[in-house]
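# An overview of the molecular structure
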Amino acid sequence: MKKFAQKVSQYLPAAAALATAAVSSDAFAQATTTTDTSSVGLKAIGAGLALGLGAVGTGLAQGPIGAAAAGVTAERPEKFGQMAIWFFIPETLVIFGFVGFFLLK
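Fair warning: this is a prediction, and the values are worked out from it, not measured in the lab.

## Quick word on the overall build of the protein
Broken down by element type, the protein carries 4 helices and 0 strands. Going from N to C terminus, the protein has its helices and strands arranged as α-α-α-α. Expressed as a percentage of the 105 residues in the protein, the buried residues total 22%. In the protein, the proportion of contacts linking residues at least 24 apart, taken out of those at least 6 apart, comes to 70%. For the protein, the accessible area works out to roughly 7200 Å², and carbon and sulfur atoms hold 73% of it.

## Points about the environment of Ala-70
Mapped onto the elements of the fold, Ala-70 is located in helix 2 (residues 37-75). Distance from Ala-70 to Phe-87, taken between C-alpha atoms, is 10.0 Å for residues 17 residues apart in sequence.

## Concerning the pattern of salt bridges
This model, assessed by the stated rule, comprises 1 salt bridge. Arg-76 serves as the salt-bridge partner of Glu-78, at 3.2 Å between the closest nitrogen and oxygen. Using a relative accessible area of 58% as the deciding quantity, one classes Glu-78 as exposed.

## Focus on the packing of aromatic side chains
The description of an aromatic ring pair uses the distance of the two centres, along with the angle that the planes make with each other. Enumeration according to the criterion identifies 2 aromatic pairs in this entry. Measuring from ring centre to ring centre gives 5.7 Å for Phe-87 and Phe-88, while their planes differ by 65 degrees; the resulting arrangement is edge-to-face. With a relative accessible area of 29%, Phe-87 lands in the partly exposed category. Where Phe-101 meets Phe-102, the ring centres are 5.2 Å apart and the plane angle is 80 degrees; that geometry is what we call edge-to-face. Given a relative accessible area of 10%, Phe-101 falls into the buried group.

## With respect to a nonpolar patch on the surface
A cluster of nonpolar side chains, contributed by Leu-93, Ile-95, Phe-96, Val-99 and Leu-103, occupies part of the molecular surface with about 520 Å² of accessible area. Turning to its location among the elements, Leu-103 is positioned in helix 4 (residues 91-104).

## Quick notes on the confidence of the model for the protein
Chain-level pLDDT for the protein is 78 on average; 67% of the residues reach the 70-or-more range. When mean pLDDT is taken per element in the protein, helix 3 (residues 80-88) scores highest with 92 and helix 1 (residues 2-31) scores lowest with 58.

Parameters at a glance
- Residues numbered from 1 in each chain as written.
- Predicted model: local features only at pLDDT ≥ 70, side-chain atom pairs only at ≥ 80, totals over all residues.
- Heavy atoms only, no water.
- Helix = DSSP H or I, 4+ residues; strand = E, 2+ residues; numbered from the N terminus.
- Buried < 20%, exposed > 50% of the residue type's maximum accessible area, 1.4 Å probe, protein only.
- Contact = heavy atoms within 4.5 Å.
- Areas by Shrake-Rupley, 256 points an atom, 1.4 Å probe, with all protein chains shown as cover.
- Salt bridge = Lys/Arg side-chain N within 4 Å of Asp/Glu carboxyl O.
- Phe/Tyr/Trp six-rings, centres within 6.5 Å; stacked < 30°, edge-to-face > 60°.
- Patch = residues over 30% accessible without salt bridge, like charges linked within 9 Å, V, L, I, M, F, W, Y side chains within 5 Å.
- pLDDT = per-residue confidence, 0-100.

Take a look at the structure:
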């Protein structure tokens, strides 16, 4: 049961980001004035997927990187800056997701 809870808590932030994207995409779809609802709906789905999948990718990448960075920092504290850079690099996936989200808007 403990392993299951750890797995669920590992993906919880990505699931929350995906749910937020889905809600905001729905609000975006309702705010438009165009009559072609299928294109609006597909844009909203694409925007939600861009943000949600970027967040999932970031979560999957940062797990092992964070564990390795914590181990290296524990053994060699002077490497903290370098490990922080490696930890923050996957965050660019979420930034690209936001860019895609707003480009589809």
